[in-house]
Amino acid sequence: MSHPALTIHLQDAEATDQIARALGQRLQVGDVVLLQGPVGAGKSHFARSLIRSLLKEPEDVPSPTFTLVQTYETVSGAIWHADLYRLSDIQEVEELGLVDAFETAICLIEWPDRLGTLTPESALRIDLVNTDDPDERVLSAEWSDKKWEERLEGWSA
Amino acid sequence: MPPARTILGLESSCDDTAAAIVRVTDTDATILSSVVAGQTDLHASYGGVVPEIAARAHAEKLDICVEQALTQAKLPLRAVDAIAVTSGPGLIGGVVSGVMCAKGLAAATGKPLYGVNHLAGHALTPRLTDQTPYPYLMLLVSGGHCQFLLVSGPDSFSRLGGTIDDAPGEAFDKIARLIGLPQPGGPAIETAALKGDTTRFAFPRPLLDRPGCDMSFSGLKTAVLRTRDALISTQQGLTRQDQSDLAAGFQAAVVDVLIEKTRRAFAAYPIAPNRTLCVAGGVAANMAIRAGLETIAKQNEGTFVAPPLALCTDNAAMIAYAAAEQMQKRDPDDMTLSARPRWPLDTNQPAMLGSGKKGAKA
């Protein structure tokens, strides 16, 4: 079970960049971040900012919508950026090798509802929601694994 | 003059499984056969390409495609001079299937093996179909990619700009889904837009206010979504006319952005007597985009080349052809050839995708 734990108002895309980079600084191999929210909420934007801030060499961070998974070597270890939007069967998640990556990489997963029972309990859930202001987003984070309390200390400060 | 080169090409990096035989001389290229086993029917019910189904289907269909390509070309496998295969970028499962199949064929026949960049295949297609002279300007719109390239040789591509977030193909697919149109989104939106009013909704033209050839489509997607939500909340649903008007407004915005950025890309194209604007990739099938590009080429006193649709979308003839050009400049690959999910054509340019300072906003 997850518990609502943190709500952050993000004024604009720049604020989203900052909070994404700050989360990136706190991640370690074995961490799974589930990025939820409707189309256009800024999930990919969040993931890109996070990944770019950790890359050893600047490189393109394309949308994983077509390729499902993009992997990166970063200063904090391997990052898997997955977009499960097009998946329909839980078996396809296993075929992707994503379950192994939960242990061996940092995983950022868009459309994580497709994971079903494969959703790792230790994951950090991040929900992005639009508001009436086109630039503004509300981010809420939930977790059940206590490691996140320590990991996220000072994150939104 | 070197003799003709006959190349077997394999392609399996996204939706389609394909094999083709192309014969290339110094002056001419002939497609002896081009087999494409599409998976559109398989995918339609899932709202897009289902990747793992695709990987399995590639593995099952590749050898059959190769056999058909040889039969149609009336050639035995030993008559082929080299084996070319897409080794990236793309869906990793599909690319691996193709590379493994090609390695097997190369090992069994002793023929040289060439791993080809899928995007190079698209980018060189105007030479296969129209003998377009180097250098030419290329708008390459395919799957997750959308970029302007100046093509100066079979392995010489400089990127002038491109999308910093979503590619148009992705935007078409997602918008179609948002407004209740079938997949694939490109043709569905184009058809709906024919009956739509482009002026009813004012959608943004992202990055038009900024110099250069970079583009953004993510913010446009969000704008369409907001308009859709507003319509649904005031009238409890979308009428067919709403769908058409949303499709028309969205498509018009994409066309405007592509056209204006193409105009700027022309400015970076050295003045020469026969400047050529080429377009390739699935979205090139969109008639509104095509017409706009044709106009830009005319205004710049250039030629417009859009290869036939069957060669604009994924196929193996382009892979065979790219290898035929590249094999005169480089050695074959060995059995260590591996599949690359990402593989930029121009490694000299700074990274672009996801580099939007202000994110995806207009």
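Quick caveat: nothing in here was measured; it's all calculated off a predicted structure.

**Points about the pattern of salt bridges**
Note that side chains of opposite charge can pair when their charged atoms are close.
Residue and element names in this part refer to chain A.
No. 1: Using the criterion set out here, one finds 15 salt bridges over all chains in the structure.
No. 2: D31 serves as the salt-bridge partner of R151, at 2.4 Å between the closest nitrogen and oxygen. Residue R151 is found in helix α5 (residues 147-151), and its partner D31 is found in the loop between α1 (13-26) and β2 (32-36); the two are separated by 120 residues along the sequence.
No. 3: Taking relative accessible area as the criterion, R151 reaches 17% and is therefore assigned buried.
No. 4: Using a relative accessible area of 1% as the deciding quantity, one classes D31 as buried.

**Comments concerning helix α5 (residues 168-178) of chain B**
No. 1: With respect to burial, α5 of chain B is a largely interior element, nine of its eleven residues being buried.
No. 2: G180 of chain B, located one to two residues past α5 of chain B, shows a positive phi value of around 75°.

**Things to note about the pairing of strand β8 (residues 156-162) of chain B**
On a regular strand, one side chain projects to one face of the sheet and the next to the other, so that they alternate.
Residue and element names in this part refer to chain B.
No. 1: Pairing of strand β7 (residues 145-153) with β8, which is carried by six bridges, proceeds in the antiparallel orientation. Residue pairing for β8: Q147 is matched across the bridge by G162.
No. 2: Where β7 folds back on β8, the antiparallel hairpin that results is connected by two residues.

**Examining the nonpolar core**
No. 1: L84, L98 and I109 of chain A together with F250 of chain B are the most contacted members of the largest nonpolar core, which totals 110 residues.
No. 2: Ranked by residue count, the leading element in this core is helix α8 (residues 240-267) of chain B, at twelve residues.
No. 3: Ignoring anything within four residues of it in the chain, the contact list for I109 of chain A reads V32, V33, L34, L35, A82, L84, L98, F102 and L115 of chain A.
No. 4: In terms of nonpolar packing, the next biggest core, distinct from the first, is built from 30 residues, I19, L23, A47 and L124 of chain A among them.

**Focus: the sheet that holds strand β5 (residues 113-117) of chain B**
Residues and elements named next belong to chain B.
No. 1: If you walk across this open sheet you meet the five strands as β3-β2-β1-β4-β5, and the pairing is mixed. Lying at the two open borders of the sheet, with one neighbouring strand each, are β3 (29-37) and β5. The sheet shows a mean angle of 20° between the axes of neighbouring strands, taken without regard to direction.
No. 2: Summarising the sheet, strand β1 (residues 5-11) and strand β4 (residues 82-88) pair through four bridges and their orientation is parallel. Looking across to β4, one finds that L8 is bridged to I83.
No. 3: Against the sheet, helix α3 (residues 92-109) makes contact with β1, β4 and β5, and its axis sits at roughly 160° relative to β4, the strand it touches most.

**Considerations on the packing of aromatic side chains**
For any pair of aromatic rings, geometry is given as the distance between the ring centres together with the angle between the planes.
No. 1: By the definition in use, this model includes five aromatic pairs over all chains.
No. 2: Ring plane angle 55° and centroid distance 4.9 Å describe the contact between Y85 of chain A and W111 of chain A, whose orientation is recorded as tilted. You can see Y85 of chain A sitting in the loop between β4 (77-83) and α3 (90-96) and its partner W111 of chain A sitting in the loop between β5 (106-110) and β6 (124-130), a full 26 residues away along the chain. Taken as a pair, Y85 of chain A and W111 of chain A share a single burial class, namely buried.
No. 3: Cation over ring: R275 of chain B sits above Y269 of chain B, and NZ or CZ is 5.3 Å from the ring centre.

**Points about the UniProt feature "binding site: Fe cation" (unreviewed entry) in chain B**
All names here are of chain B.
No. 1: Per the UniProt record, "binding site: Fe cation" (unreviewed entry) is annotated on H118, H122 and D314. Spanning 197 residues, the named residues nonetheless gather at one spot, since no C-alpha pair among them exceeds 8.7 Å.
No. 2: Structurally, H122 can be placed in helix α4 (residues 118-130).
No. 3: Leave out the neighbours within four places in its chain, and H122 touches M138, L140, S142, A280, G281, C312, T313, D314 and M318.
No. 4: On the accessibility criterion, D314 (13% relative accessible area) is buried.
No. 5: Those residues in contact with D314 that sit more than four places away from it in its chain are E11, C14, D16, V36, H118, H122 and S142.
No. 6: Polar side-chain contacts of D314 include one of 3.2 Å to the side chain of H118.

About the thresholds
Residues numbered from 1 in each chain as written. Chains lettered and ligands numbered in written order. Predicted model: local features only at pLDDT ≥ 70, side-chain atom pairs only at ≥ 80, totals over all residues. Heavy atoms only, no water. Salt bridge = Lys/Arg side-chain N within 4 Å of Asp/Glu carboxyl O. Helix = DSSP H or I, 4+ residues; strand = E, 2+ residues; numbered from the N terminus. Buried < 20%, exposed > 50% of the residue type's maximum accessible area, 1.4 Å probe, protein only. Pairing = 2+ DSSP bridges. Core = buried A, V, L, I, M, F, W, Y, C linked by side-chain atoms within 4.5 Å. Contact = heavy atoms within 4.5 Å. Axes fitted to C-alpha atoms, helices over the stretch in contact; angles between N-to-C directions. Phe/Tyr/Trp six-rings, centres within 6.5 Å; stacked < 30°, edge-to-face > 60°. Lys NZ or Arg CZ within 6 Å of the ring centre and 35° of its normal. UniProt positions renumbered as here; feature names shortened; annotations may be inferred. Polar contact = N/O pair within 3.5 Å; in protein donor to acceptor, adjacent residues only side chain to side chain.

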